[in-house]
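Coordinate analysis (summary)
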Number of protein chains: 2
Amino acid sequence: MSETKPTYTIQNVVASASLFVKVPLEKVAKKLTNTEYNPEQFPGLVIRLEQPKISALIFSSGRIVVTGAKSKAMVEEAVEEIKKELKKVEIETTKKPEIEIQNVVASGDIGMKLNLNKLAFQLETSEYEPEQFPGLVYKVPKSHITFLLFGTGRIVCTGAKTKKEVKDEVEKLVKTLKKFVK
Amino acid sequence: MSETKPTYTIQNVVASASLFVKVPLEKVAKKLTNTEYNPEQFPGLVIRLEQPKISALIFSSGRIVVTGAKSKAMVEEAVEEIKKELKKVEIETTKKPEIEIQNVVASGDIGMKLNLNKLAFQLETSEYEPEQFPGLVYKVPKSHITFLLFGTGRIVCTGAKTKKEVKDEVEKLVKTLKKFVK
DNA sequence: TTTATCATATTTATAAAACATTTATAAATA
DNA sequence: TATTTATAAATGTTTTATAAATATGATAAA
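For every chain, the first residue of its written sequence is number 1, and the numbers climb from 1 along that sequence. Chain labels run from A onward and ligand labels from 1 onward, assigned in the order the entries are written. For this predicted model, a pLDDT threshold of at least 70 governs which residues receive local features, and a threshold of 80 or more governs which side-chain atom pairs are given and counted, while totals over whole chains, interfaces and linings are taken from all residues. For side-chain calculations, the full set of non-hydrogen atoms in the structure is used, while hydrogens and water are omitted.

1. Some words on the packing of aromatic side chains
Note on aromatic pairs: each is described by the distance of the centres and the angle between the planes. The criterion, for reference: Ring pairs are drawn from Phe, Tyr and Trp, using the six-membered ring of Trp, whenever the two centres fall within 6.5 Å, and their geometry is named by plane angle: stacked under 30 degrees, edge-to-face over 60, tilted for the rest. By the criteria applied, helices consist of DSSP H or I runs no shorter than four residues and strands consist of E runs no shorter than two, each listed in order from the N terminus. Whether a residue is buried, partly exposed or exposed follows from its accessible area with a 1.4 Å probe, protein chains only, as a fraction of its type maximum: under 20%, in between, or over 50%, in that order. The rule for a charge over a ring is simple: NZ of Lys or CZ of Arg within 6 Å of the ring centre, and within 35 degrees of the ring normal.
Per the stated rule, a full pass over the model turns up four aromatic pairs over all chains. On the numbers, 5.9 Å between centres and 70° between planes, the contact of F42 of chain B with F59 of chain B is edge-to-face. Highlighted residues: F42 of chain B in the loop between strand 2 (35-36) and strand 3 (45-49) and F59 of chain B in the loop between strand 4 (54-58) and strand 5 (63-69), separated in sequence by 17 residues. Ring centres 6.0 Å apart and planes at 70° place the aromatic pair F133 of chain B and F150 of chain B in the edge-to-face group. Remark: F150 of chain B occurs in the loop between strand 9 (146-149) and strand 10 (154-160) and F133 of chain B occurs in the loop between strand 7 (126-127) and strand 8 (136-139); sequence separation between them is 17 residues. Given a relative accessible area of 37%, F133 of chain B falls into the partly exposed group. Positioned above the aromatic ring of F20 of chain A, the side-chain terminus of K95 of chain A is 4.8 Å from the ring centre.

Put into structure tokens, the structure is as follows:
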């Protein structure tokens, strides 16, 4: 009898790209109010957009990092918007940026309570220190995927490159967990 | 079966010499733009050359230190160039400077992954504090040579006086390491 | 008071971590 | 109610450690 139908939602997509043009960050920071720039703290300039609602890092090399998106389409929209923002301060981009998805984060629910103390022993590649963090950290073997498992049955999947990878890994996780429950 | 052919490249040669003439650093600093002089910070004047690309320290005593060279020939070239620079500001050198190589730094690859945690115990005269610096520091016994060993198999050799010494020490190191791998 | 050592500055390879950004999750603290 | 703890990923700069000579000033131990 299987009562567990895992559900999950993509919560964050991080992507990188190159604008193929050097960016004078000091100048951009002065002219655009939706930016933050503290080079002695971090070399990238932070820009926050309302539509789509994301945050991005722009580096003087022209490389950018988009965070907070929910999908690849949203990342593409964001890059177009960043190009428009830069155009406002006379920075023209000619080449089409090649966008690369670097990380997909999803949260979900596997529909069953988890005994983390027990799981910490059953899952070889896991770490669980409740007084430090309430979730159990499970690094999937031979994979770059990491799960955060909570006693409530809620989970966080991070390190994926695609939506499909999230789906496959969550299904694999549920199968693994069910073995222990039996 | 020996899959490990160590490779290495001389990366830096530091040498000292005397010009056998007092140098008025304040005056030199004012007339030559390729120099830096902050006596309250450091007593030597810094001069940077384009051809050959090196940096040197000149002291009021007439002693100089050449850094950033790749070979002894490059050091000799540098000293000649420094003499020319000083001639521009009416400082004549008569005696031939005796150049002494003080340090030869080389980087290389021994072609095998290293378990630094294990090596830290096996190599008596080594120190390894990964949270401070990722490399293991190995001081070769009864020698002035020090190696930096990295988990990747890349190495740095420093403290040598000659190219030959680098070669011999790297070969010796590889033999030592292979003993532990077996 | 004298003799140490230490920091100042220069170069070079090596590599790991911190810095900042986002997002869900949840327990504890301030 | 906001922060801290932990996770992944990219971006790029700085710090960490090594050896050597040179020469000042500053502490620090004898």
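2. A few points about the sheet that holds strand 8 of chain B
All names here are of chain B. Formally: Strands qualify as paired when DSSP identifies two bridges or more between them.
With antiparallel pairing, ten strands are arranged side by side in an open sheet as 2-3-4-5-1-6-10-9-8-7. Edge positions in the sheet fall to strand 2 and strand 7, since each of these pairs with one other strand and no more. As paired elements, strand 7 and strand 8 share two bridges and run antiparallel to each other. Among the inter-strand pairings, E127 is bridged to a residue of strand 8, identified as V137.

3. A few points about the protein's contact with DNA strand D
For clarity, the cut-off: Think of it this way: one heavy atom of a residue within 4 Å of a molecule or strand is enough to make that residue near it. Distance and chemistry together define a polar contact, namely a pair of N or O atoms within 3.5 Å, with one atom able to donate a hydrogen and the other to accept it when in protein, and with adjacent residues in sequence counting only for side-chain atoms on both sides. Gly is put with the polar residues, along with every residue not named as nonpolar or charged; the nonpolar set is Ala, Val, Leu, Ile, Met, Phe, Trp, Tyr, Cys and Pro, and the charged set is Asp, Glu, Lys and Arg.
Neighbouring DNA strand D are 38 residues, the closest being S61 and K139 of chain A together with S61, K139 and T158 of chain B. Of what DNA strand D places within 4 Å of the protein, 61% of the atoms are sugar or phosphate. T158 of chain A has a polar side-chain atom sitting 2.7 Å from a base nitrogen of DNA strand D. Contact distances for DNA strand D include 2.2 Å between a phosphate oxygen and a side-chain N or O atom of K139 of chain B. When the residues that make up the surface near DNA strand D are grouped by side-chain class, the tally is 20 nonpolar, 14 polar and four charged.

4. What about the protein's contact with DNA strand C?
Neighbouring DNA strand C are 40 residues, the closest being R48 and T67 of chain A together with N12, R48 and T152 of chain B. With respect to DNA strand C, the side chain of T152 of chain B contributes an N or O atom lying 2.7 Å from a phosphate oxygen. Note that a phosphate oxygen of DNA strand C is positioned 3.2 Å from one of the side-chain N or O atoms of R154 of chain B. Broken down by class, the residue content of the surface near DNA strand C amounts to 20 nonpolar, 16 polar and four charged.

5. A short note on the sheet that holds strand 7 (residues 126-127) of chain A
Residue and element names in this part refer to chain A. Where we set the bar: Residues are treated as being in contact if the distance between any of their heavy atoms lies within 4.5 Å. For helices, the fitted line uses only the C-alpha atoms of the stretch in contact; every axis is such a line through C-alpha atoms, and the angle between N-to-C directions lies from 0 to 180 degrees.
Spatially, the ten strands line up as an open sheet ordered 2-3-4-5-1-6-10-9-8-7, and their pairing is antiparallel. One side of each edge strand has no neighbouring strand; the edge strands of this open sheet are strand 2 (35-36) and strand 7. With respect to the sheet, helix 2 (residues 72-88) is in contact with strand 1 (7-18), strand 3 (45-49), strand 4 (54-58), strand 5 (63-69) and strand 6 (100-109), its orientation differing from that of strand 5 by roughly 130°.

6. Here's the deal with the domain arrangement of chain A
As a reminder of what qualifies: Residue ranges for the domains trace back to a domain assignment, done automatically or taken from a database.
Domain boundaries in chain A define domain 1 (15-101) and domain 2 (110-181). Each of domain 1 of chain A and domain 2 of chain A has a C-alpha centre, and these two points are 34 Å apart.

7. Here's the deal with the environment of G151 of chain B
All names here are of chain B. Take G151: it is sitting in the loop between strand 9 and strand 10. Residue classification places G151 among the partly exposed positions, given a relative accessible area of 29%. Along the chain, G151 and E100 lie 51 residues apart, while their C-alpha atoms are 34 Å from each other. Contacts of G151, omitting those with residues within four sequence positions, involve K113, L114 and L116.

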